[in-house]
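Structural overview
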Amino acid sequence: MASRLWASRAASYLRISAFHRGFAIVAKDFKYADSHEWVKVEGNSATIGITDHAQDHLGDVVYVELPEVGTSVKQGGSFGAVESVKATSDINSPVSGKVIEVNEELSSSPGLVNASPFENGWIIKVEVSDAGELDNLMDANKYAKFCEEEDANH
Amino acid sequence: MRVIRHLEVWKMGTVNYLDALKLQEKLVADRKAQMIPDTLLSLQHPPTFTLGKRRTDHNLLIPESELINMGAQLHYTQRGGDITYHGPHQAIFYPIVSLRDVGIGARAYVEKLELTMIELAALYGVQACGGRKGETGVWVGQRKIGAIGVRIQSGITSHGLAFNIDPDMSYYKHIVPCGISDKEITSLRRESNSELPDDEVIHEQLVSCFARQFGFSITSLDKHDV
């Protein structure tokens, strides 16, 4: 009960919606891929990371493999990986384009992905080549429902 | 309603590491394309040392040339985890499974791999437990009996687990196993007071434990000639 109260307070402070299904907090202005990456588009550039749902299901991230700046990415294609609990999991790009920045902090602090998946744990920034592709992604409501269905599935 | 999922188990005998790796790559692609069901490769390797994606070769204590002279191989892979040894009398499982279909993530998957080995150890009177934070694997006290190293691509698993039945422990001298310097490696032979049956029997039991953990119904195929 106390943690729910904290969650709603934190949510209104951060101006995001806390969906009280499991503990995944889904930030509202982002878009989501069904492989649990998020993308925040600002003008021509997109910031990409993995969601709270993803980091929770991965466990403590101990290593992040980042692409080189300048690498091309394709919607749905893999661009890097994270390691947690002796498992490397690939990360897929929700958009196509060119990598313009990577979060170097993650090399020394991979745990940022767990602690702050939607903010300080961002992974890459991409110059978007096809804004139309965003239509293929889910909004916050759809994504929250998607997570619920996935987690109910076993 | 509990959905029964189907698992195809390939019983492969001793397989060269690179051959097994190539096969897994093909099966991962096939599984992703939904051309095959969830599949489990059950096998052993000849003496082989492997490294994970982080390439922690500072944990290899001898030069590669010496390794080759003693008849072992060294391979760099994309799996998680640190350096480890594989060899005869160590049961290897490479599950090629769609985690999305099973409905779990990496952490839960690895926990089930741990439980599979823990259950097997219990059959022989050995009380083992899973790793605590940062020490994924299966432990008997402070001694490691089972190792895990997994790769997940588009939700499809490859690599998997290695369970020590009765391997030649002297090979472990040449590495800092799993990057952990202050803990020993052990085996079922060392920990159990029971008489151990043939490896084949133990592999079958391990398959049953795996199937139970994941809710699979299994079909076993003899794939010694693949």
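Structure report, in brief. (Residues numbered from 1 in each chain as written. Chains lettered and ligands numbered in written order. Predicted model: local features only at pLDDT ≥ 70, side-chain atom pairs only at ≥ 80, totals over all residues. Heavy atoms only, no water.)

On the chain A side, the residues contacting the 25 residues of chain B number 20 residues. Of the roughly 1900 Å² buried where chain B meets chain A, counting both sides, 47% is carbon and sulfur surface. Linking chain B to chain A there are four salt bridges. In this structure, the salt-bridge partner of Glu83(A) is Arg54(B), at a minimum N-O distance of 2.9 Å. The interface formed by chain B and chain A includes 13 residue pairs in polar contact (both at pLDDT 80 or more). For the side of chain B that touches chain A, the secondary structure elements donating two or more residues are helix 3 (99-102), helix 4 (106-123) and strand 9 (143-153) of chain B. The dominant element in the side of chain B that touches chain A, judged by the number of residues it contributes, is strand 9 of chain B, at seven residues. (Contact = heavy atoms within 4.5 Å. Buried area = accessible area lost by both parts, 1.4 Å probe. Salt bridge = Lys/Arg side-chain N within 4 Å of Asp/Glu carboxyl O. Polar contact = N/O pair within 3.5 Å; in protein donor to acceptor, adjacent residues only side chain to side chain. Helix = DSSP H or I, 4+ residues; strand = E, 2+ residues; numbered from the N terminus.)

There is a patch of like negative charges on the surface, built from Asp198(B), Glu200(B), Asp222(B) and Asp225(B). Position of Asp222(B) among the secondary structure elements: in strand 12 (residues 216-222). (Patch = residues over 30% accessible without salt bridge, like charges linked within 9 Å, V, L, I, M, F, W, Y side chains within 5 Å. Areas by Shrake-Rupley, 256 points an atom, 1.4 Å probe, with all protein chains shown as cover. Lys, Arg positive; Asp, Glu negative; His and termini not counted. Charge placed at Lys NZ, Arg CZ, Asp CG, Glu CD.)

With that settled, the discussion passes to the sheet that holds strand 5 (residues 84-86) of chain B. Residues and elements named next belong to chain B. As summarised here, the arrangement of the three strands in space is 4-3-5, forming an open sheet in which the pairing is mixed. One side of each edge strand has no neighbouring strand; the edge strands of this open sheet are strand 4 (73-76) and strand 5. Across this sheet, the average inter-strand angle for adjacent strands is 25°, counted without regard to direction. In this structure, strand 3 (residues 48-51) lies alongside strand 4, joined through four bridges in parallel fashion. Across the sheet, Phe49 pairs through a bridge with Leu74, a residue of strand 4. This element, helix 1 (residues 17-32), spans strand 3, strand 4 and strand 5 of the sheet and lies at about 30° to strand 4. (Pairing = 2+ DSSP bridges. Axes fitted to C-alpha atoms, helices over the stretch in contact; angles between N-to-C directions.)

Moving on, we get to the pattern of salt bridges. Residue and element names in this part refer to chain B. For the structure on display, the rule yields 13 salt bridges over all chains. Among the salt bridges present, the one from Asp38 reaches Arg31, with a minimum N-O distance of 2.7 Å. For the pair Asp38 and Arg31, a shared accessibility class is recorded, and that class is buried. A salt bridge links Lys183 to Glu135; the nearest nitrogen and oxygen atoms lie 3.1 Å apart. Taken as a pair, Lys183 in the loop between strand 10 (156-164) and strand 11 (184-185) and Glu135 in the loop between strand 7 (129-130) and strand 8 (138-140) lie far apart in primary sequence, 48 residues in all. For the pair Lys183 and Glu135, a shared accessibility class is recorded, and that class is buried. In the salt-bridge network here, residues are joined through shared partners; they are Arg31, Asp38 and Asp101. (Buried < 20%, exposed > 50% of the residue type's maximum accessible area, 1.4 Å probe, protein only.)

Moving on to the sheet that holds strand 4 (residues 37-42) of chain A. All names here are of chain A. The strand order across the open sheet formed by six strands is 3-4-5-11-10-7, and the pairing between neighbours is antiparallel. Among the strands making up the open sheet, the edge pair consists of strand 3 (31-32) and strand 7 (72-73). Two elements, strand 4 and strand 5 (residues 45-50), share six bridges in a ladder whose sense is antiparallel. When the bridges of strand 5 are listed, Glu37 appears paired with Ile50.

This part covers helix 4 of chain B. Residue and element names in this part refer to chain B. Across its 18 residues, helix 4 extends 26 Å between first and last C-alpha, which sits within 8% of the 26 Å expected from 1.5 Å per residue. Every buried residue of helix 4 is listed here: Ala106, Tyr109, Val110, Leu113, Glu114, Thr116, Met117, Ile118, Leu120 and Ala121. In the stretch just after helix 4, Gly125 is the one whose phi turns positive, near 75°. (Expected span 1.5 Å × (residues − 1).)

Turning next to the packing of aromatic side chains. All names here are of chain B. Within the structure shown, the criterion is met by 14 aromatic pairs over all chains. On the numbers, 5.3 Å between centres and 75° between planes, the contact of Tyr85 with Tyr172 is edge-to-face. On the criterion of sequence distance, the pair formed by Tyr85 in strand 5 and Tyr172 in the loop between strand 10 and strand 11 is long-range, its members being 87 residues apart. By the burial criterion, Tyr85 is buried, and Tyr172 matches it. Relative to Phe216, the ring of Phe214 lies with its centre 6.1 Å away and its plane at 25°, an arrangement referred to as stacked. Clustering of aromatic rings is evident, with ring pairs tying together Phe93, Tyr109, Phe210, Phe214 and Phe216. The side chain of Arg5 reaches across the aromatic face of Phe216, ending 5.7 Å from its centre. (Phe/Tyr/Trp six-rings, centres within 6.5 Å; stacked < 30°, edge-to-face > 60°. Lys NZ or Arg CZ within 6 Å of the ring centre and 35° of its normal.)

So, about the environment of Asp56(A). All names here are of chain A. Relative to the assigned elements, Asp56 resides in helix 2 (residues 52-58). Owing to a relative accessible area of 18%, Asp56 belongs among the buried residues under this scheme. Here the alpha-carbon distance between Asp56 and Val113, two residues 57 residues apart in the chain, equals 9.9 Å.

Once that is clear, we can look at the pairing of strand 8 (residues 78-84) of chain A. Residue and element names in this part refer to chain A. Counting buried residues in strand 8 gives six out of seven residues, a clear majority hidden from the surface. Pairing analysis gives four bridges linking strand 6 (residues 61-65) to strand 8, with the strands arranged antiparallel. Bridge pairing in strand 8 links Tyr63 to Glu83. As paired elements, strand 8 and strand 9 (residues 87-92) share six bridges and run antiparallel to each other. Residue pairing in the sheet places Ser84 in a bridge with Ala87 of strand 9. Count of turn residues in the strand 8/strand 9 antiparallel hairpin: two residues, of which Val85 carries a positive phi of about 40°.

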